[in-house]
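Single-letter residue listing:
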Amino acid sequence: MTHSNSCSLIIDVDVRSRENNSVHRTKEINPQHLIVRRGQSFSVTLQLSTSLPPKHHLELVLHLGEDEVVIKLQKERGAGDKWWFHQQGAQDEILLTLHSPADAIIGQYRLAVLVMSPDGRILEKMDKTRFHLLFNPWCKDDVVYLPDESQLQEYVMNEDGTIYMGSWDYIRSIPWNYGQFDDDVMDICFEVLDNSKEALRNSKMDTERRSDPVYVGRMITAMVNSNGDRGVLTGRWTEPYSDGVAPYRWTGSVPILRQWSKAGVRAVKYGQCWVFAGVACTMLRCLGIPTRLITNYSSAHDVDGNLSLDFLLDENLRSIDSRDSSWNFHCWVESWMKRDDLPKGNDGWQVLDPTPQELSDGEFCCGPCPVTAIKEGNLAVKYDAPFVFAEVNADITYWMVQKNGQRKKVKVDQSSVGRNISTKSVFGDHREDVTLHYKYPEGSRKEREVFEKAGQPFPKPTNESTEPGQLQLSIKHAQPVFGTDFDVVVEVKNEGGRDAVAQLTMLATAVTYNSLHRGECERQTTTVTVPAHTVHKEMLRLQYDEYARCASEHHLIRMKAFLEAPGENEPIMTMADIPLSTPELHIQIPGRPVAWEPVTAFISFTNPLPVPLRGGVFTVEGSGLLSAAQIHVKGVISPGQKVSEKLSFSPMRSGVRKLLVDFDSDRLKDVKGVATVIVRKNYRNSFSVLPGFY
């Protein structure tokens, strides 16, 4: 209730959002609304119609949620864990400086200013003032405190990122627009938290627990996926995606969050691991928790927790359904925080995985799990350490199931899981390898100790020594381009002292990045004779017409080679994943872009396939540049034809920005391009009031 009659003492409360937001590093979110960080003071100005009468005083009260939490501010500094304020000023203007504790609840607060009589009655109340409070990684008393400014600029403030994909030996990347400071994003982040099962079940308890980044992080991993709650994204790993947006078409988090909110908190279709991780990274950075997106190559999904993935093949080398799976890559996020709920040594980066895989305490969420606990094998630590440990450490055993149902072990792979664990560097658009944060070097004494501590028998090395007559198998390939015919070479090496005759089967199948089989492209079985101490090469040609019929949107071919020789105890098998590269889009932005003035971008793309493309569409987005937009290509794009499109927009914020473009069509999907745009400040417009921007 606000008094507006002529005898009101309080005329207005000026929240000084421009000054406060600038000091609290939130002006990018919205300079018009007060947004501050905990553990750091901020000031508001009280306009009075006359000076405060003698012996009268002011009281400040904060309300959170639907009045579930009410906090009366102390007049002077008390214990460090309480809100307090002090006032200065004279006559008709009072400056109120508010101090929040470094463990305050994050969320939207309502501030009530009360004028109190000498005998303690409320004479007047002004309670229209609202502000948001966020985590503060710049404050040394906040559990998310990160002392390195260059890391803060990347892991909290950077709205653009790079997500690593492909396979461990052919790493590719896509740009991603986190857009954590775009219009509405902060409000949607709190809307997501408000729709969690915990918030709907007990709103007061949920509000009180939002002071803890462990709790908030866990809620976000549960709510980014829609399994079992009102979450943001529905996962789907096989076509068709026709009733939604295919996962590979997204280039950023903002359209997903806005669509979820606008649709009345209905799940957006569809996401896969990098999309879930991208949205989680946006939300965590927005709320002030330093966060980075991680890619683990050859990531194990160990369902039964025995640290071993068992893959079954029939006698034709076709995979038999297995609950365990190995993903070419898997993305999660790491968030930086102290873990006061755990023994010493567990602070720092924490794994949070929003992709719905396994239930954790009855919910589809994973983490936070300390990265140090994974490296040291402390699997009793909360949350979900055994699952994460297996993702980077499991063995893979391949079994052939014979017609009589008996299993024959054909390959044990102890070193391929958890490779080249990657994140974007703080110092630019290149890759930083963080594998040694998760595990000791392969084969080291420390690695053996960790396995023993984790309660797992250390894998005994398989017999790699080459006895006389023993054959070795390897697959060689170039880096082929999707749309071309290419050769794969299988080498059979005989290091024994006598000639060998063996049957060699080569099989090429199309798979998705998480190892779902899409069909057989090519198969060849031959009898090979390999003289002693020589290498025999066998070639398999893969033609576009053959593999295009079954290739997934991930453009991935899995090659298996299987060798059976009389006299050898066990058959030999080897595998290689061959990613097919796609062309890049070209983006040109001539001139010197200035905020709020029109800019034209030229986007071009040449069809590399020997077939025409139909239904071509460019999706364009960029934080601070423009909202997501689509450009439909008219007609058919013939083989070799170049398509050029023109896009005009007016950048909304100055600074270094990224323009992201995706191209999709019926035959060619997931073609990406990115351009860096340096937007200069517009001094003519800099003082006009434009809601949500500066």
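Everything numeric here is computed off the predicted structure, so don't read it as measured data.

Colleague: Help me understand the overall build of the protein in this model?
Modeller: Counting its secondary structure elements, the protein contains 13 helices and 37 strands. On the principal axes, the C-alpha backbone points of the protein span a range of 110 × 60 × 40 Å. In the protein, which comprises 694 residues, the proportion classed as buried is 56%. Pairs at least 24 residues apart make up 67% of the contacts formed inside the protein by residues separated by at least 6 positions. As displayed, the protein offers around 29,400 Å² of accessible surface, 49% of which is attributable to carbon and sulfur atoms. Computed over 78 positive and 89 negative side-chain charges, the separation of the two mean positions in the protein equals 3 Å.

Colleague: I tried to follow the nonpolar core on my own but got confused; where do I start?
Modeller: Looking at soluble globular proteins, one finds that nonpolar side chains tend to be buried together. Of all hydrophobic cores here, the largest spans 108 residues; its most connected members are Ile163, Ile220, Trp274, Leu287 and Tyr438. In terms of residue count, helix α8 (residues 273-287) provides more of this core than any other element does, twelve residues in total. Aside from chain neighbours lying at most four places away, what touches Trp274 is Ile163, Met165, Ile174, Trp176, Pro247, Tyr248, Leu293, Phe329, Cys331, Tyr513 and His554. Ala510, Leu580, Val671 and Val679 belong to the second-largest nonpolar core, a separate cluster that totals 61 residues.

Colleague: Would you mind going over the packing of helix α3 (residues 185-194) against α8 with me for this structure?
Modeller: When two helices pack together, their arrangement is given by the angle between the helix axes and the distance between those axes. Where α3 meets α8, the closest approach of the two axes is 10 Å, and the angle between their N-to-C directions is 105 degrees. Our classification of the angle between α3 and α8 gives roughly perpendicular. When α3 is examined against α8, the residues Val185, Met186, Cys189, Phe190, Val192 and Leu193 are found in contact with a partner set consisting of Thr282, Met283, Cys286 and Leu287. Of the residues in the contact of α3 with α8, the class split is nine nonpolar, one polar and no charged.

Colleague: Teacher, can you tell me more about unusual backbone geometry here?
Modeller: Look at the link from Lys269 to Tyr270: it is a cis peptide, with omega at 5 degrees. Within the fold, Tyr270 resides in strand β13 (residues 268-271). Look at the link from Gly367 to Pro368: it is a cis peptide, with omega at 0 degrees. Here Pro368 is to be found in the loop between β18 (348-352) and β19 (369-370). Look at Asp384: it is not a glycine, yet its phi comes out positive at around 65 degrees.

Colleague: Help me understand the pairing of strand β11 (residues 170-177) in this model?
Modeller: Each regular strand shows side chains that alternate between the opposite faces of the sheet. As judged from the eight bridges shared by strand β10 (residues 160-167) and β11, these two strands associate in the antiparallel manner. Bridging across to β11, Asp160 finds its partner in Asn177. Connecting β10 to the antiparallel partner β11 that follows it, the hairpin turn spans two residues.

Colleague: Looking at this structure, I do not really get the packing of aromatic side chains. What am I missing?
Modeller: In this description, a pair of aromatic rings is defined by centroid distance and the angle of the planes. Overall, the coordinates contain 22 aromatic pairs when judged by the stated rule. Pairing Tyr241 with Tyr270 gives two aromatic rings, centres 6.0 Å apart and planes at 55 degrees, and the pair type is tilted. Here Tyr270 lies in strand β13 and Tyr241 lies in the loop between β12 (233-235) and α7 (254-262), a separation of 29 residues in the sequence. For the pair formed by Tyr241 and Tyr270, the shared burial category is buried. Plain terms: the ring middles of Trp327 and Tyr513 are 5.5 Å apart, the flat faces sit at 85 degrees to each other, and that makes the pair edge-to-face. With Trp327 in strand β17 (residues 325-337) and Tyr513 in the loop between β26 (500-511) and β27 (517-530), this residue pair connects regions lying 186 residues apart in the sequence. When sorted by exposure, Trp327 lands in the same class as Tyr513, which is buried. Clustering of aromatic rings is evident, with ring pairs tying together Trp237, Trp274, Phe276, Trp327, Phe329 and Tyr513. The lysine or arginine in question, Arg236, covers the ring of Tyr270, its NZ or CZ lying 5.8 Å from the ring centre.

Colleague: Before we go on, may I ask you to explain α8 in this structure?
Modeller: In this model, α8 (15 residues) spans 21 Å end to end at C-alpha, consistent with the 21 Å of a helix rising 1.5 Å per residue. Here α8 lies mainly inside the structure; 15 of its 15 residues are buried. Positive phi shows up at Gly288, right after α8, with a value of about 100 degrees.

Colleague: What should I look at first to understand the confidence of the model for the protein in this one?
Modeller: A low pLDDT means the predicted coordinates there should not be read in detail. Averaged over all residues, the pLDDT of the protein is 89; the fraction at 70 or higher stands at 92%. Residue range residues 1-5 is modelled with pLDDT below 50. Its contacts to residues more than four positions away, or to other chains, number twelve contacts. Low pLDDT (under 50) marks residues 463-469, which in the prediction has eleven contacts with non-local residues, meaning those over four places away or in another chain.

Colleague: Quick question: what am I supposed to make of the sheet that holds strand β36 (residues 655-664) here?
Modeller: Hydrogen bonds along the backbone pair up the strands of a sheet, which may run parallel or antiparallel. Strand order across the open sheet formed by four strands is β34-β33-β36-β37, with antiparallel pairing between neighbours. Looking along the sheet, the strands with just one partner apiece sit at the ends: β34 (626-632) and β37 (671-679). Across the sheet, the mean angle from the axis of one strand to that of its neighbour is 15 degrees, orientation sign disregarded. Taken together, the five bridges between strand β33 (residues 617-622) and β34 define a ladder with antiparallel strand orientation. From the neighbouring strand, Thr619 faces β34, where its bridge partner is Gln630.

Colleague: Is there a simple way to think about the environment of Ser203 in this case?
Modeller: Counting through the fold element by element, Ser203 comes out in helix α5 (residues 203-209). Taking the relative accessible area as the measure of exposure, Ser203 reaches 30% and is therefore partly exposed. As a C-alpha pair, Ser203 and Gly65 span 138 residues in sequence and 8.3 Å in three-dimensional space. Among all residues touching Ser203, those that are not within four sequence positions of it are Glu68 and Glu198.

Colleague: Any chance you could explain the UniProt feature "binding site: Ca(2+)" (unreviewed entry) in the protein here in plain terms?
Modeller: Here, the residues flagged by UniProt with the feature "binding site: Ca(2+)" (unreviewed entry) are Asn393, Asp395, Glu442 and Glu447. With the annotated positions falling across 55 residues, the maximum pairwise C-alpha distance of 13.8 Å places them together in a single cluster. In this structure, Glu442 sits in the loop between α11 (435-438) and α12 (445-453). Mapped onto the fold, Glu447 is located in helix α12.

Colleague: Just checking my understanding: could you explain the sheet that holds β19 for this structure?
Modeller: In spatial order, the strands read β19-β18-β17-β14-β22-β23; together these six strands make up an open sheet with antiparallel pairing. Each having just a single partner strand, β19 and β23 (431-433) make up the two edges of the open sheet. Judged from the two bridges that link them, strand β14 (residues 291-301) and strand β22 (residues 419-424) form a sheet pairing that is antiparallel. The partner of Thr295 across the bridge, within β22, is Ser422. α8 rests against β14, β17 and β18 of the sheet, and its axis sits at about 5 degrees to β17. Relative to β14, helix α10 (residues 385-393) is tilted by about 70 degrees, and along the sheet it contacts β14, β17, β18, β19 and β22.

Colleague: When you look at the pairing of strand β4 (residues 57-64) in this model, what are you seeing that I'm missing?
Modeller: When you tally the buried positions in β4, you get seven out of eight residues, the bulk of the element. Summarising the sheet, β4 and strand β8 (residues 107-116) pair through eight bridges and their orientation is antiparallel. The residue of β8 that forms the bridge with Leu62 is Leu111. Pairing analysis gives four bridges linking β4 to strand β5 (residues 69-72), with the strands arranged antiparallel. By the bridge assignment for β5, His63 is matched with Val70.

Colleague: How do you make sense of the environment of Leu580 when you look at a structure like this?
Modeller: With respect to the element layout, Leu580 can be found in the loop between β30 (572-579) and β31 (586-588). Looking at Leu580, the relative accessible area reads 6%, which means it is buried. Note: C-alpha distance between Leu580 and Val528 (52 residues apart in sequence) is 29 Å. Those residues in contact with Leu580 that sit more than four places away from it in its chain are Pro480, Val481, Phe482, Phe486, Tyr547, His555 and Ile557.

Cut-offs applied
Residues numbered from 1 in each chain as written. Predicted model: local features only at pLDDT ≥ 70, side-chain atom pairs only at ≥ 80, totals over all residues. Heavy atoms only, no water. Helix = DSSP H or I, 4+ residues; strand = E, 2+ residues; numbered from the N terminus. Buried < 20%, exposed > 50% of the residue type's maximum accessible area, 1.4 Å probe, protein only. Contact = heavy atoms within 4.5 Å. Areas by Shrake-Rupley, 256 points an atom, 1.4 Å probe, with all protein chains shown as cover. Lys, Arg positive; Asp, Glu negative; His and termini not counted. Charge placed at Lys NZ, Arg CZ, Asp CG, Glu CD. Core = buried A, V, L, I, M, F, W, Y, C linked by side-chain atoms within 4.5 Å. Axes fitted to C-alpha atoms, helices over the stretch in contact; angles between N-to-C directions. Parallel < 35°, antiparallel > 145°, perpendicular 65-115°, else oblique. Nonpolar A, V, L, I, M, F, W, Y, C, P; charged D, E, K, R; others polar. Pairing = 2+ DSSP bridges. Phe/Tyr/Trp six-rings, centres within 6.5 Å; stacked < 30°, edge-to-face > 60°. Lys NZ or Arg CZ within 6 Å of the ring centre and 35° of its normal. Expected span 1.5 Å × (residues − 1). pLDDT = per-residue confidence, 0-100. UniProt positions renumbered as here; feature names shortened; annotations may be inferred.

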